[in-house]
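What follows is the residue order along each chain.
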Amino acid sequence: EEVVEARLSLNEVRLGAVVEALKQAEARNVLDLGCGEGRLLKRLLEARAFERIAGADVSVRCLEIARDRLRYDEMTDKQKRKLDLFQASVVYRDARFSGFDAVVLVEVIEHVDLPRLGALARTVFAHARPRTVIVTTPNAEHNARFALPAGAFRHKDHRFEWTRAEFHAWSAGVATEHGFTVEHRPVGEMDATLGAPTQMAVFTRIEVVHGAPGEAAS
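Overview of the structure. (Residues numbered from 1 in each chain as written. Predicted model: local features only at pLDDT ≥ 70, side-chain atom pairs only at ≥ 80, totals over all residues. Heavy atoms only, no water.)

**Remarks on the layout of surface pockets**
Empty space within the largest pocket amounts to approximately 930 Å³. Among the secondary structure elements, those contributing two or more residues to the lining of the largest pocket are helix 2 (10-24), strand 1 (29-33), helix 3 (39-46) and strand 2 (52-57). Here the lining of the largest pocket gets 4 residues from one element, more than from any other, and that element is helix 2. Across the lining of the largest pocket, the residue classes tally to 16 nonpolar, 9 polar and 12 charged. Considered as a void within the structure, the second largest pocket measures approximately 320 Å³ in volume. Among the elements of the structure, helix 3 and helix 5 (77-82) are those that each provide at least two residues to the lining of the second largest pocket. Class assignment for the residues of the lining of the second largest pocket results in 3 nonpolar, 1 polar and 6 charged. (1 Å grid on protein atoms, 1.4 Å probe; cavity = no way out; pocket = protein on both sides within 12 Å on 5 of 7 lines; lining within 4 Å. Points joined across faces, edges and corners; volume = space filled by probe spheres on them. Helix = DSSP H or I, 4+ residues; strand = E, 2+ residues; numbered from the N terminus. Nonpolar A, V, L, I, M, F, W, Y, C, P; charged D, E, K, R; others polar.)

And the structure:
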């Protein structure tokens, strides 16, 4: 087991953690925002727990690769009805984002310019407003384990990489503003000082139950 696990890439571990979190949240309909080349979509399609799956990305080329990876053209009509792929941006409101139990952003927010994160949060938490939102992002503190110099990013397209405190602060602010709770989970091999390489936040929408007239809401 140790030998096998040592060979697992961080991305595989991360995707496994996301799928497990979705199952724990009892999500049946899932939107992968910023789906890239479809690696998470492939896992979701292989799991019987999920009934409706969608992937959205701003890159048409990534969607073409995802389509090929998933062998969309070879799917049955029933399988095709389970999956939807479409072009969209995470910072613009889109009616197609609504109606899902869960929205997932795997290694997406760090590709967005910091001034646009407010638009992303409104799009996902205020407009799409699923029951569950899962966000993963690099832990900047752990970069030292990858022999990266101070201030260097893991990918040239990253606009920022946050420490655990920074990610916790952003997550808490988003949760408070939009009526969610948030739980943080480390993903990958833990370092006693630097933490795990990936940070994951699981947001759960706070349900407001209205009582009968004259009764206090619970």
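**Describing helix 6 (residues 117-128)**
For helix 6, spanning 12 residues, the distance from its first C-alpha to its last is 15 Å, which sits close to the expected 16 Å at 1.5 Å a residue. For helix 6, the full list of buried residues reads Leu-117, Ala-119, Leu-120, Ala-121, Thr-123, Val-124, Phe-125 and Ala-128. On its buried face, helix 6 sits against strand 1, strand 4 (102-106), strand 5 (132-138), helix 7 (164-178), strand 6 (180-187) and strand 7 (198-205). Trailing helix 6 by a residue or two, Arg-129 shows a phi angle of about 45°, which is positive. (Expected span 1.5 Å × (residues − 1). Buried < 20%, exposed > 50% of the residue type's maximum accessible area, 1.4 Å probe, protein only. Contact = heavy atoms within 4.5 Å.)

**Let's talk about the packing of aromatic side chains**
Per the stated rule, a full pass over the model turns up 7 aromatic pairs. An aromatic cluster of three or more residues is present, and its members are Phe-160, Trp-162, Phe-167 and Trp-170. (Phe/Tyr/Trp six-rings, centres within 6.5 Å; stacked < 30°, edge-to-face > 60°.)

**A closer look at the packing of helix 2 against helix 3**
In contact at an axis separation of 10 Å, helix 2 and helix 3 are set at 45° when each is read in the N-to-C sense. Looking at the two axes, helix 2 sits oblique to helix 3. Seen from above, helix 2 lies across helix 3 with right-handed handedness. Between helix 2 and helix 3, the residues in contact are Asn-11, Glu-12, Leu-15, Gly-16, Val-18, Val-19 and Leu-22 and Arg-39, Leu-40, Arg-43 and Leu-44, respectively. (Axes fitted to C-alpha atoms, helices over the stretch in contact; angles between N-to-C directions. Parallel < 35°, antiparallel > 145°, perpendicular 65-115°, else oblique. Left-handed = near helix turned anticlockwise from the far one by under 90°.)

**Some words on unusual backbone geometry**
One non-glycine residue, Glu-26, lies in positive phi territory at about 60°. Among the structural elements, Glu-26 can be located in the loop between helix 2 and strand 1. For Glu-26, a relative accessible area of 57% translates into the label exposed. The backbone of Arg-129 shows a phi angle near 45°, a positive value even though the residue is not glycine.

**Quick word on helix 2**
In this model, helix 2 (15 residues) spans 21 Å end to end at C-alpha, consistent with the 21 Å of a helix rising 1.5 Å per residue. Of the positions making up helix 2, those classed as buried are Arg-14, Leu-15, Val-18, Val-19, Ala-21 and Leu-22. The buried residues of helix 2 all sit within an arc of 160° when viewed along its axis, so they share a single face. Lining the buried residues of helix 2 we find strand 1, helix 3, strand 4, strand 5, strand 6 and strand 7. (Arc of directions from axis to C-beta.)

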